[in-house]
Amino acid sequence: MTNTSKSIAALSAAVFTLAVLTGGAFAHATLETPVAQADSYYKAVVRVPHGCDGKATDKLVVEVPEGFYNVKPMAHHGFKMSVEQGAYEQTFTAHGKEYNAGVKRVIWEGGAVEDWAYDEFVMRGKLAHVEAGDTLYFKATQYCGDDASVAWDQIPASADDHPAHPALALKIADSGSDDQAHAGHDMSKDKMAEVVMAGDIKIEKAWTRATPQGAKAGGAFVLVTNTGDAADRLIAASSDVAAKVEIHEMSMNDGVMKMQQLEKGLEIAPGETVELKPGGFHIMMMGLHKAIAEGDLVTISLEFEKAGVVEVMFPAAQLGAPTMDHSNH
Ligand SMILES: [Cu+2]
């Protein structure tokens, strides 16, 4: 053990790990992209949704799982970054070179993520010695001063097991699967919709579309799946691009298409997938500050009653892509 890891172990033992937090009632620490293809490069974006019961997070330690190699962490503004090297269980080969050891732990410390804030910590590496169906678990611990921490280190015993503090799961997808098309891509380059998890809620295939100059409203669409066993509800949304964002329903009433705000939000029943699409449920951006152009990435925060607030990127398709009449806004 290195000196640093010894001091971390001592610190872990000494700190009071909060046990009052229970699963589902708050957002877990998660990976922004929870699915990737075997043997691909992967950017692990560790999302820290809150502090430790009111206290700011001043340190984050992430363990690099076996199967994720040649890891390079990204510096984080306001934090000092360090790494610990360790032996790989299996030899990793890249460009004809063999590696038997590398970064096994990344530490960001000395900064502050307030309890009311959200932050992301990033590392990049290569997935190897894994196959479709495998799950890699990134164990992460948030420290908040000397007397509080939250360890995200529990590995579910089965698919039905929902521990209170799950380790961050990365599912390895089958190369032919639909999931794979969304995984491992650099959003800014490919403008591909990402797969986002917020607690038990899975959000994917988000998209919006370009709006005509001067348009005051635009729709946004997404697939939302409740992977948990309690109903949740999409209750609100907001974005920097519009004065307000609402959850709408479009329905046929006495032969007339009507659009209205869902005052109580949109229920996502356990095990169900709800598609927000043109002509049905949709997210409505109202009072657009400027036109949305094809290829833009529009960030919308979606708020779920149980899963909490999650930021989702909506890539914009071309103007007029599957039409929807917003004339009654
Ligand atoms: Cu609408």
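Details of the structure are given in the entry above.
Criteria and thresholds
- Residues numbered from 1 in each chain as written.
- Predicted model: local features only at pLDDT ≥ 70, side-chain atom pairs only at ≥ 80, totals over all residues.
- Heavy atoms only, no water.
- Salt bridge = Lys/Arg side-chain N within 4 Å of Asp/Glu carboxyl O.
- Helix = DSSP H or I, 4+ residues; strand = E, 2+ residues; numbered from the N terminus.
- Buried < 20%, exposed > 50% of the residue type's maximum accessible area, 1.4 Å probe, protein only.
- Phe/Tyr/Trp six-rings, centres within 6.5 Å; stacked < 30°, edge-to-face > 60°.
- Lys NZ or Arg CZ within 6 Å of the ring centre and 35° of its normal.
- Pairing = 2+ DSSP bridges.
- Axes fitted to C-alpha atoms, helices over the stretch in contact; angles between N-to-C directions.
- 1 Å grid on protein atoms, 1.4 Å probe; cavity = no way out; pocket = protein on both sides within 12 Å on 5 of 7 lines; lining within 4 Å.
- Points joined across faces, edges and corners; volume = space filled by probe spheres on them.
- Nonpolar A, V, L, I, M, F, W, Y, C, P; charged D, E, K, R; others polar.
- Domains from an automatic or database assignment.
- Core = buried A, V, L, I, M, F, W, Y, C linked by side-chain atoms within 4.5 Å.

Asks: For this particular structure, what's the right way to read the pattern of salt bridges?
Replies: It is possible for side chains of opposite charge to pair when their charged atoms get near one another. Applying the stated rule across the entire model yields 8 salt bridges. As a salt-bridge pair, lysine 55 and aspartate 147 come within 2.5 Å of each other at their nearest N and O atoms. Of this pair, lysine 55 sits in the loop between strand 3 (41-48) and strand 4 (57-63) while aspartate 147 sits in the loop between strand 10 (140-143) and strand 11 (149-152); the two residues are 92 residues apart in sequence, bridging distant segments of the chain. On the basis of relative accessibility, which here comes to 33%, the residue lysine 55 falls in the partly exposed class. Of the charged contacts in the structure, one is a salt bridge between glutamate 246 and lysine 244, with a shortest N-O distance of 3.3 Å.

Asks: Help me out: how do you make sense of unusual backbone geometry in this one?
Replies: In terms of backbone geometry, most residues other than glycine have negative phi values and most peptide bonds are trans. Its identity is not glycine, yet aspartate 39 carries a phi of approximately 60°, on the positive side. Mapped onto the elements, aspartate 39 comes out in the loop between strand 2 (35-37) and strand 3. Despite not being glycine, asparagine 70 has its phi angle at roughly 45°, a positive value. Checked against the element boundaries, asparagine 70 lands in strand 5 (residues 68-73).

Asks: Any chance you could explain the packing of aromatic side chains here in plain terms?
Replies: Think of a pair of aromatic rings as described by two things: how far the centres are apart, and how the planes are tilted against each other in angle. Taken as a whole and judged by the stated rule, the model has 8 aromatic pairs. On the numbers, 5.5 Å between centres and 65° between planes, the contact of phenylalanine 68 with phenylalanine 138 is edge-to-face. With phenylalanine 68 in strand 5 and phenylalanine 138 in strand 9 (residues 135-138), this pair connects stretches of sequence that are 70 residues apart. Judged by centre distance (6.0 Å) and plane angle (35°), the ring pair of phenylalanine 92 and tyrosine 99 falls under tilted. Site record: aromatic cluster; members linked through ring pairs are Tyr69, Tyr88, Phe92 and Tyr99. A cation over an aromatic ring shows up here: lysine 59 above the ring of tyrosine 143, its NZ or CZ 5.0 Å from the ring centre. Sitting over the face of the ring of tyrosine 41, lysine 126 holds its NZ or CZ atom 5.3 Å from the ring centroid.

Asks: Looking at this structure, how should I read the pairing of strand 7 (residues 97-113)?
Replies: Within a regular strand, side chains alternate between the sheet's two faces. Bridging between strand 4 and strand 7 involves 6 bridges; their strand directions are antiparallel. Looking at the pairing, threonine 57 lines up with valine 113 of strand 7. Where strand 6 (residues 80-94) lies against strand 7, 11 bridges are found, and the strand directions are antiparallel. Looking at strand 7, one finds that alanine 94 is bridged to lysine 97. Remark: 2 residues form the turn of the hairpin made by strand 6 and strand 7, two consecutive strands paired antiparallel; histidine 95 in that turn has positive phi of roughly 50°.

Asks: Any chance you could explain the sheet that holds strand 12 (residues 168-173) here in plain terms?
Replies: The pairing of strands in a sheet happens through backbone hydrogen bonds and is either parallel or antiparallel. The strand order across the open sheet built from 3 strands is 2-12-9, with neighbouring strands paired in mixed fashion. The strands lining the two open edges of the sheet, one partner per strand, are strand 2 and strand 9. Mean inter-strand twist for the sheet, computed between neighbouring axes without regard to direction, equals 30°. Bridge analysis of strand 2 against strand 12 gives 3 bridges, and the strand direction is parallel. By the bridge assignment, glutamine 37 is partnered in strand 12 with alanine 173.

Asks: Looking at this structure, I do not really get the layout of surface pockets. What am I missing?
Replies: Over the atoms, a rolled probe matching the size of one water molecule traces out where space is still vacant. What the largest pocket holds in volume is close to 1,000 Å³. Lining the largest pocket we find 40 residues, and of these His162, Met197, Gly199, Asp200 and Thr227 sit closest to its centre. Secondary-structure elements contributing two or more residues to the lining of the largest pocket are strand 1 (30-31), strand 9, strand 12, strand 13 (196-198) and strand 14 (201-209). Ranked by residue count, the leading element in the lining of the largest pocket is strand 12, at 4 residues. Residue classes in the lining of the largest pocket are distributed as 21 nonpolar, 11 polar and 8 charged. Per-domain counts for the lining of the largest pocket show at least three residues from each of domain 1 (3-184) and domain 2 (201-317).

Asks: What am I meant to see in the nonpolar core here?
Replies: Burial of nonpolar side chains together is a common tendency in soluble globular proteins. Counting 34 residues, the largest nonpolar core has Tyr42, Phe68, Met123, Leu127, Phe138 and Leu170 as its most contacted members. Within the residue set of this core, elements represented by two or more residues are strand 3, strand 4, strand 5, strand 7, strand 8 (119-127), strand 9, strand 11 and strand 12. The next biggest cluster of nonpolar side chains, apart from the first, holds 31 residues, and it includes Leu276, Leu288, Leu302 and Ala316.

Asks: Which parts of the structure should I look at to understand the sheet that holds strand 5?
Replies: Ordered by their spatial adjacency, 4 strands build an open sheet running 1-3-8-5, and the pairing between neighbours is antiparallel. Two strands in the sheet have a free side with no partner beyond their single neighbour: strand 1 and strand 5. Bridge count between strand 3 and strand 8: 8 bridges; the pairing is antiparallel. Paired with lysine 43 across the two strands is arginine 124, which belongs to strand 8.

Keep in mind these numbers describe shape, not what the thing actually does.
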